[in-house]
Each structure stands twice: as structure tokens, then as C-alpha cells.
Amino acid sequence: MRQEKREHPEFKAKLHPRNRHRSRYDFKELIATCPELAKFVAPNRYDDESIDFADPEAVKMLNTALLKHFYEVEFWDIPPNYLCPPIPGRADYIHHIADLLKSANGGKIPRGPRITVLDIGVGANCVYPIIGRQEYGWSFIGSDVDPVSIASATRIIDENPGLRGSVEIRLQTDPNHIFRGIIGDEFIDLTICNPPFHASLAEATAGTLRKLSNLKNKRVTKPTLNFGGQNRELWVEGGEAQFVGNMIRESREFADSCFWFSTNISKQTNLNNFYAALESVRATEVKTIPMGQGNKVSRIIAWTFFDEKQRKVWRDLRWNRKS
């Protein structure tokens, strides 16, 4: 489905019920909040107000307006050529993962700064902590292997009073590890991750070209700068299969430090291997949470090593303590 087309009801209906972006974009409201968006908005061929979703500057400004309008972010920026993620999809992960915590807490979502979420690969955009902090009041740790991403995310936090003191950014100095070197002598309620899906630069470039070709409704042979993202954001040796496999194996080392581990999974063909890996590390429970946005279907895999007694102790001490 080309982005310029009307947002059909079934498209938005696939988003989580608490997602603020289930309705079509109200560009008048967004422009009132972020006047800089106005120059990118024009009637499309259906005479609906829209932007050119193949224009990276327009997409970036739309994100700026959405984050300011819905999540009280006064400053947001990313360096050239870094990933500009879709806000509705990122919000969906946060809401689904809140429901995961809810399912382990007697039907009540744990809220507030006591809840600590680790975002593996926070990126230059820092979007997951922005949404999670505003929606549920959680505290965040954001890790990344890229110093430029670290600097960008840190600036976003420093420039927004609502994030300062609630989000900590940590550089992963060893790209061979995911949790090791990041989780210290502390407790984490939840980890989240949007892993690099591709196995090579060529595969990532091909994916970007397909996306641009669909948006422009014609074949595109040259990637657009500041559209697809940096190499480390898009691809890693072995792709999603190897990255998530390593994450699962390393999570065992932190079985007592974290209640739920989770990651977004793009390729359904990888699921059986991940289930086998989770069985081999003796996860006590594994959940697969489907997500759908338009024609794109993905899912979250979440796992824990806690038994029922450990879960109750954790809830009583961290989520439901009165003082």
C-alpha cells in the first residue's frame, strides 16, 4: 500500500487500542503544534492533506510534530543518514509490552519510575524511551554501540525536562555482547529491542530501495540520504537470526536480574529457531505477541526465567510496594 493513499479503517484498526495514532493524522492540529510542518503538507491525489512519505525531510518533520503534539517533546532531532522510525509502530510495541507486564500483575499495568526498561539499540532517535516515559512514567536505560547515536539520544534527553533524570544512555563498547557490559548491579523489569533485520549492507540497501520504489510507485535505484538508517541500525552479520539468537543465549546470564526479556521479530521464518534456543536456555515462559501495521506484520517474542514464586516476590518488592 502506497503511503499517499487513504488510511483505510482496517489499517488503523490493527494498531493497539491505546495507540494514539489509530486515527488519521490531523494535520491542522499537528501544524498548530509544530508550524514548521506546514510547508511539507499539501493535498494528495485524493484531495486529502498529507505529506510526501518518500521525502526524508517531510517524514522527519512529521515525526517532530507527532512527538511534540502527543508526547510533549519540545526538541527532537537526528543526525543525517540515521533511522527515522515510524512513530505509530514504535508506540504499538510500548503498549503491547505494557500489556505483558499487566498480564503478570493481576491485570494492572505497573506504572511510574520504579519500572525500569532497557532499550537495546536506542538509536539516535530515542523514540521508545520518549513514548514509554510519557505513556506509563517508566524509567529507561538506552544502550547502543554507536557513539553518534549515544550523543544524539543524550542531547534529546538533555533538551527535554520531562526526560532528564528518567532516561540514562549507555555506550556498549563491545559489539559482541548485548546485555553484558550494560546491565550492572541492578534490576531490570523489561528489555525491549528493535534488532537490525538484515544480514548485509547489500540486503539492507535492497530493502531501502524496495521501500522507496513502493512509495514513489516507480523503480528507484539509488537510496535517499537520511531515509533508511545507518548500517548498524539496519544490518549485522548473520542478520536478525544471529542477533536475536545471541540475545537469547546471553539473557541466561541475567536470569535473576530481569523479569521479562523481549524483542521485535520481523521474519516469521526465524521463530522456530528462536523457540528452540529459548528451550535450550530453560526459559520458564515464552510469549509471542502479534503486531500489525498496514500490510506489514511483525511480532514480539518475550521470555522470562522466573517461576511463580519469584514473580510474586518481584511484584511485591518492585511494582506494588506502598512506599
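Basis of the calculations
Residues numbered from 1 in each chain as written. Predicted model: local features only at pLDDT ≥ 70, side-chain atom pairs only at ≥ 80, totals over all residues. Heavy atoms only, no water. Helix = DSSP H or I, 4+ residues; strand = E, 2+ residues; numbered from the N terminus. Buried < 20%, exposed > 50% of the residue type's maximum accessible area, 1.4 Å probe, protein only. Contact = heavy atoms within 4.5 Å. Pairing = 2+ DSSP bridges. Expected span 1.5 Å × (residues − 1). Arc of directions from axis to C-beta. Polar contact = N/O pair within 3.5 Å; in protein donor to acceptor, adjacent residues only side chain to side chain. Phe/Tyr/Trp six-rings, centres within 6.5 Å; stacked < 30°, edge-to-face > 60°. Core = buried A, V, L, I, M, F, W, Y, C linked by side-chain atoms within 4.5 Å. Salt bridge = Lys/Arg side-chain N within 4 Å of Asp/Glu carboxyl O.

**Q** Quick question: what am I supposed to make of the overall build of the protein here?
**A** Along its length, the protein carries eleven helices and nine strands. Counting every position in the protein, which comprises 323 residues, the buried fraction comes to 55%. Put simply, 71% of the contacts in the protein that link residues at least 6 apart link residues at least 24 apart.

**Q** What is the right way to read the pairing of strand β7 (residues 258-265) from this model?
**A** Strand residues, when the strand is regular, have side chains that alternate between the two faces of the sheet. With eight of eight residues buried, β7 lies mostly within the body of the structure. In this structure, strand β6 (residues 188-193) lies alongside β7, joined through two bridges in parallel fashion. Residue pairing in the sheet places Leu 190 in a bridge with Trp 260 of β7.

**Q** Any chance you could explain the side chain of Thr 191 here in plain terms?
**A** Turning to its location among the elements, Thr 191 is positioned in strand β6. A residue is classified by how much of its surface remains accessible, and Thr 191, at 0% relative accessible area, is buried. For Thr 191, the contacting residues outside a window of four places in its chain are Leu 118, Phe 179, Cys 258, Trp 260, Phe 261 and Ser 262.

**Q** Where do I start with helix α11 (residues 308-319) in this structure?
**A** Structural remark: α-helix, 3.6 residues per turn; residues separated by three or four positions point the same way. With twelve residues, α11 ought to run about 16 Å at 1.5 Å a step, and its terminal C-alpha atoms sit 15 Å apart, in line with that. Those residues of α11 that sit buried are Arg 311, Trp 314, Arg 315, Arg 318 and Trp 319. Seen from one end, α11 has its buried residues packed into an arc of 100 degrees, which puts them on one side. Among the exposed residues of α11, those pointing more than 90 degrees away from its buried face are Lys 309 and Leu 317. Here α11 starts with a cap whose side-chain oxygen sits 3.2 Å from the backbone nitrogen of Lys 309, and that cap is Asp 307.

**Q** I'm lost on the pairing of strand β4 (residues 139-144) in this one. Help?
**A** Of all six residues making up β4, six are buried, and the element is well covered by its neighbours. The alternating pattern of β4 places Ser 139, Ile 141 and Ser 143 and Phe 140, Gly 142 and Asp 144 on opposite faces, both of which are buried. In this structure, strand β3 (residues 116-120) lies alongside β4, joined through five bridges in parallel fashion. Note on β4: the bridge partner recorded for Val 117 is Phe 140.

**Q** What should I look at first to understand the packing of aromatic side chains in this one?
**A** How two aromatic rings sit relative to each other is set out by the distance from centre to centre and by the angle between their planes. If you walk through the whole model with that rule in mind, you get 15 aromatic pairs. Seen in terms of ring centroids, Phe 187 and Trp 314 are 5.6 Å apart; in terms of plane orientation they differ by 90 degrees. Their pairing is edge-to-face. With Phe 187 in the loop between β5 (167-171) and β6 and Trp 314 in helix α11, this pair connects stretches of sequence that are 127 residues apart. Through a chain of ring-to-ring contacts, the aromatic side chains of Phe 187, Phe 259, Trp 260, Phe 306, Trp 314 and Trp 319 assemble into a single cluster.

**Q** It is not clear to me how the nonpolar core should be interpreted in this structure. Could you clarify?
**A** Across soluble globular proteins, nonpolar side chains show a tendency to be buried alongside one another. With 63 residues, the main nonpolar core has Leu 37, Ile 51, Leu 62, Trp 76, Trp 138 and Ile 192 as its most contacted residues. If we ignore the near neighbours within four places in the chain, the residues touching Ile 192 are Tyr 93, Ile 94, Ile 97, Val 117, Leu 118, Asp 119, Ile 120, Tyr 128, Phe 140 and Ser 262. Within the second largest apolar cluster, 27 residues are counted, among which are Leu 118, Ile 188, Met 247 and Phe 305.

**Q** Explain helix α5 (residues 127-136) here, please?
**A** Where burial is concerned, most of α5 is hidden: eight out of the ten residues are buried. Every buried residue belonging to α5 is among Val 127, Tyr 128, Pro 129, Ile 130, Ile 131, Gly 132, Glu 135 and Tyr 136, and all of these are buried.

**Q** Is there a simple way to explain the pattern of salt bridges in this structure?
**A** In a structure, side chains of opposite charge can pair up when their charged atoms sit close to one another. Counted by the stated rule, this structure contains 14 salt bridges. A salt bridge links Arg 20 to Glu 135, with the nearest nitrogen and oxygen atoms 2.8 Å apart. Note that Arg 20 is positioned in the loop between α1 (9-13) and α2 (27-33) and Glu 135 in helix α5, a separation of 115 residues in sequence. For Glu 135, a relative accessible area of 14% translates into the label buried. When salt bridges with common partners are traced through the structure, they connect Glu 285, Lys 287, Glu 308 and Arg 311 into a single cluster.

Purely geometric stuff here, so don't read any function into it on its own.
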